[in-house]
Amino acid sequence: QVQLVESGGGLVQAGGSLRLSCSASGIIARINNMDWYRQAPGKQRELVASSSSGGTTNYADSVKGRFTISRDNAKKTVYLQMNSLKPEDTAVYYCNADVVHGLNYRSYNAWGQGTQVTVSS
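Residues numbered from 1 in each chain as written. Predicted model: local features only at pLDDT ≥ 70, side-chain atom pairs only at ≥ 80, totals over all residues. Heavy atoms only, no water.

Draft legend 1. Broad picture of the state of the cysteines. Counted under the stated rule, the structure contains 1 disulfide. Between the sulfur atoms of C22 and its disulfide partner C95 the distance amounts to 2.1 Å. An S-S torsion of about -80° defines the bridge between C22 and C95 as left-handed. Here C22, found in strand 3 (residues 18-25), pairs with C95, found in strand 9 (residues 91-101); they are 73 residues apart in sequence, far enough to count as distant. For C22, a relative accessible area of 0% translates into the label buried. On the basis of relative accessibility, which here comes to 0%, the residue C95 falls in the buried class. (Disulfide = S-S within 2.5 Å. Helix = DSSP H or I, 4+ residues; strand = E, 2+ residues; numbered from the N terminus. Buried < 20%, exposed > 50% of the residue type's maximum accessible area, 1.4 Å probe, protein only.)

What follows is the structure, given as structure tokens:
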């Protein structure tokens, strides 16, 4: 069983910064994509940033230039550095990963439990 655990959410004023972390645990052979999604109240979940195992990153237009995704493959951890936060960034942030199981070598898609980010104006 693979688990993703997020941390780092909280309340911050507009213009402030937060850093989210997401660590994978379990019997893991390899992690392919590790991504961050968010879901605001009444809205659909959206992709914020993605990171491939080879280091390719992509961002939603709304966060380009403000958010940075990075990962430490040895620690099976992905980070999301969020700067210049805006009230519209308020959402529950979820980690998502494509994981290859270390025993059966099948691919699984896993989600974290989510962490709340609230940006006050």
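Picking up after the structure, the text goes on.
Draft legend 2. Broad picture of the sheet that holds strand 3. With antiparallel pairing, the 4 strands of this open sheet are ordered in space as 1-3-8-7. The open sheet has two free edges, formed respectively by strand 1 (3-7) and strand 7 (67-72), since each of these has just one partner strand. Averaged over all adjacent pairs, the angle separating strand axes in this sheet is 15°, with direction ignored. Direction of pairing for strand 1 relative to strand 3: antiparallel, over a ladder of 5 bridges. (Pairing = 2+ DSSP bridges. Axes fitted to C-alpha atoms, helices over the stretch in contact; angles between N-to-C directions.)

Draft legend 3. Structural detail: the pairing of strand 8 (residues 77-82). Most of strand 8 sits inside the fold, with 5 of its 6 residues counted as buried. Pairing of strand 3 with strand 8 involves 6 bridges; the strand directions are antiparallel. Considered in strand 8, the bridge of L20 is made with L80.

Draft legend 4. Structural context of unusual backbone geometry. Phi is positive for K76, which is not a glycine, with a value near 55°. Of note, K76 is situated in the loop between strand 7 and strand 8. At S84, a residue that is not glycine, the phi angle is positive and equals roughly 50°. Mapped onto the secondary structure, S84 falls in the loop between strand 8 and strand 9. A relative accessible area of 41% means that S84 is categorised as partly exposed.

Draft legend 5. Region of the structure containing the pairing of strand 11 (residues 115-120). Of the two faces of strand 11, the one lined by T115, V117 and V119 is fully buried and the one lined by Q116, T118 and S120 carries no buried residue. Summarising the sheet, strand 2 (residues 10-13) and strand 11 pair through 4 bridges and their orientation is parallel. Each residue of the ladder has a partner; that of G10, found in strand 11, is V117. Taken together, the 3 bridges between strand 9 and strand 11 define a ladder with antiparallel strand orientation. Among the inter-strand pairings, A91 is bridged to a residue of strand 11, identified as V117.

Don't take any of this as a statement about function, it's just geometry.
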